[in-house]
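So the chains spell out like this:
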Number of protein chains: 2
Amino acid sequence: MKKFINSPETVVPDYLAGLVAANPDIIALDPSPRVLRRTDIGARRKVGLIAGGGSGCEPLHTGFVGPGMLDAACPGEIFTSPVPDQIIAATRATESGAGTVHIVKNFTGEVMNFGIAQEILAFEDIRPVTVLINDDCSIPDDDESAGRRGLGATVLVEKIAGAAAERGDDLDAVVSIARRVNARARTFSVGLTSCIPPARGKPIYQMADDEMDIGIGISGSPGRKRVPLRQAAEIAGVLLQEVLSDLKPAKGARILTLLSGLGGTPESELYLLYGEVHACLMRAGYDPARALVGNYVTSLEQMGAALTLLELDDEMTELWDAPVHTADLRWGR
Amino acid sequence: MKKFINSPETVVPDYLAGLVAANPDIIALDPSPRVLRRTDIGARRKVGLIAGGGSGCEPLHTGFVGPGMLDAACPGEIFTSPVPDQIIAATRATESGAGTVHIVKNFTGEVMNFGIAQEILAFEDIRPVTVLINDDCSIPDDDESAGRRGLGATVLVEKIAGAAAERGDDLDAVVSIARRVNARARTFSVGLTSCIPPARGKPIYQMADDEMDIGIGISGSPGRKRVPLRQAAEIAGVLLQEVLSDLKPAKGARILTLLSGLGGTPESELYLLYGEVHACLMRAGYDPARALVGNYVTSLEQMGAALTLLELDDEMTELWDAPVHTADLRWGR
């Protein structure tokens, strides 16, 4: 198992120690229960933004804590939801009287543990509002399943709602724009390899050298379908077809593209793939107005990419462009 | 070969098309000879900064073109130095009357092709000054070899000298600080896997699952020694010992750490490794004042990491913190 780790048991705290050591001006770690939070938390009254999820998907969410984005993140064990105690501690720490938003990806464990935390917080009269992220269009949007998973839209909601909270929007306004972003975003992913969870020590599944999985999630979950590996231009076409047919943007719509690597694909290949996506969007008459390309929602060292499109409006665009200062997204200050 | 590409022959132009499409406010591409340059080039009189090298090491140098860093980059074919025509065109395009600096990594082909370009430019009375980067301390510093390779210090020179040029320093001042950064920086790297150049279609060499290479370069070159894979804390100790024993920083020195992944190692493992480096630096009495952790000098999808330390002075620190706006380093604006 070719990894820079000390032991499978200490991967998460060891990672967080390094992240905080490299960014002491932005973030601090409360070790137990484990909460990564802004150093300037509670400095003023503002709507608090909290997210959490299984570790192994970095920089989601830990790399996005800081001015203009999240107030705190609750990192679980690898591919395992955070426990309610983490969520409760994070919420208590960030609640400044203006209310708190829980950004919850639609995974069973995550939804359950945020729900338990909210029931306990209600006894203290702290009542966070949940924004549920469910942008994965590889899953049918019906009542037959647990619903669509939360994927790349999470980053966009955290950035845009984070900017709204930072400029002083009230709870209703922050919740409203967060839900609007989720509603106007879709994600479809393709995986070229499996990944190796440290405690397992071997790949979750095997794939031949000429295969790829389409419609995968995060946390090493398998895809909807295994198909022959294609050229980048064809892969871009498949990803776009899936996203556009579900999102149905308005004619000529302004599009924000997040093309996230899954951890093991180099940036050069992601930009190459983005070039194909961009060209297709132009040909289809859309305006590819904003792009973010790199590793943002990952599954350890898995090779692959996830395409998220967001149909932008003026307010979203302004908030996207607003300053942000986190370990992994940093501009405008 | 699990890559997002269209064909091995078009990897470099296809990558550049995507990079420019995602960052149209910052960069533009001249296709022939291939030069990636700032969109605002020639807008004012300033010292020009140009670098170039084999592609496959992204974001070096293409991701570092923009205000506060490089004026132009000359991307060669994969792991192949740029040709003189590219360097000549880039220099002509950026020369504003204040002089030009060529940041040249100490690789035989790169040194030769920048040299040829300079001989031709001299006929036009354009006389760029070379700053040679040779921070790789895995190679003895003697006259027996072609000298030490240019590795991570390249990024630090580009950022710090780029900030000096941006604030209006003259040619002598920019060259002087660039050379000072190179002189006070060292790099030592460790590789966990080989990489697969697209035209070759298979790994350059094989490694067992319990092995690692220490003292590797870029472009898939093998290491000085193959040793058993160790825990992250031990690897951090080896990297630091090699760098510190060669750099010999002053007692209590302020240190900038660049911990660059090689392309296939996820960010979480890099931060984990950085945590160990940071703790060692503190124990040894140094001040780990700045850190940059992520994929900055890579070799396609190779797994591994390169540790660069720079002994900071006040001016370097101020220039490091100055605004930068490129595809891959962006802060302060």
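Residues numbered from 1 in each chain as written. Chains lettered and ligands numbered in written order. Predicted model: local features only at pLDDT ≥ 70, side-chain atom pairs only at ≥ 80, totals over all residues. Heavy atoms only, no water.

A. The domain arrangement of chain A, seen in detail. Residues and elements named next belong to chain A. Once the domains are mapped, chain A shows domain 1 (8-184) and domain 2 (185-312). Sorting the residues of domain 1 by area buried against domain 2 places Phe79, Cys137 and Arg184 first, and these three jointly supply 28% of that buried surface. Taken together, the links from domain 1 to domain 2 amount to two salt bridges. A salt bridge links Glu311 to Arg184; the shortest N-O distance between them is 2.4 Å. Along the contact surface separating domain 1 from domain 2 lie 15 residue pairs in polar contact (both at pLDDT 80 or more). Broken down by element, the side of domain 1 that touches domain 2 gets its largest block of residues, four residues, from helix H4 (residues 153-166). Looking at side-chain class alone, the side of domain 1 that touches domain 2 contains 17 nonpolar, five polar and seven charged residues. (Domains from an automatic or database assignment. Buried area = accessible area lost by both parts, 1.4 Å probe. Salt bridge = Lys/Arg side-chain N within 4 Å of Asp/Glu carboxyl O. Polar contact = N/O pair within 3.5 Å; in protein donor to acceptor, adjacent residues only side chain to side chain. Helix = DSSP H or I, 4+ residues; strand = E, 2+ residues; numbered from the N terminus. Nonpolar A, V, L, I, M, F, W, Y, C, P; charged D, E, K, R; others polar.)

B. How the structure looks around the sheet that holds strand S1 (residues 27-31) of chain A. Residue and element names in this part refer to chain A. Taken in spatial order, the six strands line up as S1-S2-S4-S3-S5-S6 in an open sheet, and their pairing is mixed. The open sheet terminates on both sides in strands that have one partner only, identified here as S1 and strand S6 (129-133). Neighbour-to-neighbour, the strand axes of the sheet open up by a mean angle of 25°, direction not taken into account. With five bridges joining them, strand S3 (residues 48-55) and strand S4 (residues 72-78) adopt parallel strand pairing. By the bridge assignment, Ala51 is partnered in S4 with Ala73. (Pairing = 2+ DSSP bridges. Axes fitted to C-alpha atoms, helices over the stretch in contact; angles between N-to-C directions.)

C. Broad picture of the side chain of Thr308 of chain B. Mapped onto the elements, Thr308 of chain B comes out in strand S12 (residues 304-311). Thr308 of chain B has contacts with Asp135, Gly152, Ala153, Leu156, Ala185, Arg186, Thr187, Leu256, Thr257 and Leu258 of chain B, leaving out every residue within four places of it along the chain. (Contact = heavy atoms within 4.5 Å.)

D. Inspection of the pairing of strand S10 (residues 254-261) of chain B at higher detail. Residues and elements named next belong to chain B. Of all the eight residues making up S10, seven are buried; the element is thus mostly covered by neighbouring parts of the structure. The pairing of S10 with strand S11 (residues 287-295) spans eight bridges and is parallel. Bridge pairing in S11 links Gly261 to Asn295. (Buried < 20%, exposed > 50% of the residue type's maximum accessible area, 1.4 Å probe, protein only.)

E. Representation of the relation of the copies chain A and chain B within the structure. For the pair chain A and chain B, the superposition axis carries a translation of 0.0 Å, the fit reaches an RMSD of 0.0 Å, and the rotation angle comes to 180°. The operation mapping one copy onto its partner corresponds to a two-fold rotation axis. (Least-squares fit on C-alpha atoms with pLDDT ≥ 70 in both.)

F. Layout of the state of the cysteines. Enumeration over the complete set of coordinates arrives at zero disulfides over all chains. Here Cys195 of chain A is not disulfide-linked; the sulfur of Cys57 of chain A is the nearest cysteine sulfur, at 8.8 Å. With no disulfide of its own, Cys137 of chain B lies closest to Cys280 of chain B among cysteine sulfurs, the gap being 15 Å. Judged by relative accessible area, Cys137 of chain B falls into the buried class, the value being 6%. (Disulfide = S-S within 2.5 Å.)

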